Amino acid sequence: MTHRPAWRAWRRCLAGAAAAGLLLGAAMAVAGPGLLVRKGDALFVPEGSPLRARIAVDTVRTAGLPHELSVPAVVEADPASSFQVLAPLSGKVVELKVKVGDTVRKGQVLALLQSSDLLQAASDAAKARDQRSLAKKALERARQVQLAGGSAEKDVEAAQSQLTQAQAELDRAEGRLKALGLAPDAEPGHARLVVQAPTSGSVNSLSVGVGSVVNDLTAPLLTMVNLESVYLTALVPEAWLAQIKVGASLQATVNAYPDQPIKAAVQSIASVVEADTRRTRVRTRVPNADGRLRPNMFATVKFAVTQPVQPVVPQSALVMNNDQVLVFVESSPWTFKPRVVLLGSEDGSQVRVRSGLNGGERVVVRGGVLLND
């Protein structure tokens, strides 16, 4: 139910009092005296009084009625899901495989670069393969000569060491090629630096085009964002923060899709209040597999806030008397005493009573203004 301030109930009391005054005047004109009998601070409605037909009494119940706090919200991308794609080596862009707005998968090729550094890496790998081949043949010859009695053991050991070093250099060179996206046996003249998507997402912006020369390795080629899930960020006034906890349920409506409510729970509450708005960001992550939620969309979030257990009465039980609100409490059958009450929040047709009334007491819920003299 939606929270409304208690002053609205006061306004209804005032309007009801005016109408009831007319009814009471009409009843007195017909029935004459004997409508009410005063007994000290109590009012007794005698048998035969026409007021008995106009007054209804009910028992006060207690409840922790929830009410809704409605606040503006915005859709935000998860900062951890937005990232920049950098070139691992300098070079010239020879082919661009994507454009802004494209959705890409992890490992998909984004761009191809012609890079002298990459050519050098491929050349180093080719040289390392040749050196290992020579070292392997040298070791085989040294072993054959030793078997024939023509060389010492140290010559075989030296050849074995050369082969080990050559293999280590080849592993290093091929590992670098693999890290750059090339096959270990790539030919130097055909080497192209392949830039791949590190994860799935959509292309948010491009900083280069075909023919661009990339020299600054800290400057991004493009930026990507993964929107498979997004943050729904509610902007909560600081006065309401005490009523909202992590785990509290909420319902959100995005302005673009008003007929598709989102149900979720609070996942985090920012530790600071923003100085310019005096509001705090309350976030929840929501799935967005279909991509319909886009960053910076406006939304409305409603929190169902449970209140402490208090007496609850219908608005019809409230009577306005000058600047006070009264209810008429039944002390004995058809005998009523006025009592001042302080009101809490208004939830639909019910009003919470902060003080002046207890659960289980019986009060006039209809016609109370007829008792107000």
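Keep in mind that what you see is a predicted model, and the values were worked out from it rather than measured.

Engineer: Any chance you could break down the sheet that holds strand S18 (residues 268–269) for me, citing the residues and the numbers?
Structural biologist: Strands sit in the order S17-S16-S20-S6-S15-S19-S18 across an open sheet of seven strands; the sheet is antiparallel. Looking at the sheet topology across the chains shown, the edges are occupied by strand S17 (257–265) and S18. Pairing geometry for strand S16 (residues 249–254) and S17, over five bridges, is antiparallel. Considered in S17, the bridge of Ser249 is made with Ala265.

Engineer: Report on the side chain of Thr280, specifying residues and quantitative values.
Structural biologist: Relative to the elements of secondary structure, Thr280 occurs in strand S19 (residues 279–287). Beyond its immediate sequence surroundings of up to four residues, Thr280 is in contact with Ala234, Leu235, Val236, Leu241, Ile269, Ala270, Val272 and Val273.

Engineer: Can you lay out the sheet that holds strand S10 (residues 109–114) for me, pointing to particular residues and giving the numbers?
Structural biologist: Spatially, S11-S10-S8-S13 is the arrangement adopted by the four strands of the open sheet, whose pairing is antiparallel. Here the strands that pair on one side only, and so sit at the sheet edges, are strand S11 (193–196) and strand S13 (213–214). Pairing geometry for strand S8 (residues 91–96) and S13, over two bridges, is antiparallel. When the bridges of S13 are listed, Lys92 appears paired with Val213.

Engineer: Tell me about unusual backbone geometry, and name the residues and values.
Structural biologist: Most peptide bonds adopt trans geometry, and most residues besides glycine take a negative phi value. Look at Arg278: it is not a glycine, yet its phi comes out positive at around 60°. Assignment of secondary structure puts Arg278 in the loop between S18 and S19. Among the residues examined, Arg278 registers a relative accessible area of 42% and is labelled partly exposed.

Engineer: Break down the environment of Ser249 for me, with residues and values.
Structural biologist: Along the chain, Ser249 falls in strand S16. Residues Ser249 and Ala304, 55 residues apart in the sequence, show an inter-C-alpha distance of 6.4 Å. Once residues within four sequence positions are removed from consideration, Ser249 is found in contact with Ala264, Ala265, Lys302, Phe303 and Ala304.

Engineer: Describe the packing of aromatic side chains, and please don't skip the residues or the numbers.
Structural biologist: Within this structure, the stated rule accounts for one aromatic pair. Summarising the aromatic geometry, the rings of Trp334 and Phe336 are spaced 6.3 Å apart at their centres and angled 90° between planes, so their arrangement reads as edge-to-face. Classification of Phe336 by relative accessible area gives buried; the value is 0%. When the ring centre of Phe44 is taken as reference, the NZ or CZ atom of Lys39 above it lies at 4.2 Å. The ring centre of Tyr257 lies 5.2 Å from the NZ or CZ of Arg292, which sits over that ring.

Rules used throughout
Residues numbered from 1 in each chain as written. Predicted model: local features only at pLDDT ≥ 70, side-chain atom pairs only at ≥ 80, totals over all residues. Heavy atoms only, no water. Pairing = 2+ DSSP bridges. Helix = DSSP H or I, 4+ residues; strand = E, 2+ residues; numbered from the N terminus. Contact = heavy atoms within 4.5 Å. Buried < 20%, exposed > 50% of the residue type's maximum accessible area, 1.4 Å probe, protein only. Phe/Tyr/Trp six-rings, centres within 6.5 Å; stacked < 30°, edge-to-face > 60°. Lys NZ or Arg CZ within 6 Å of the ring centre and 35° of its normal.

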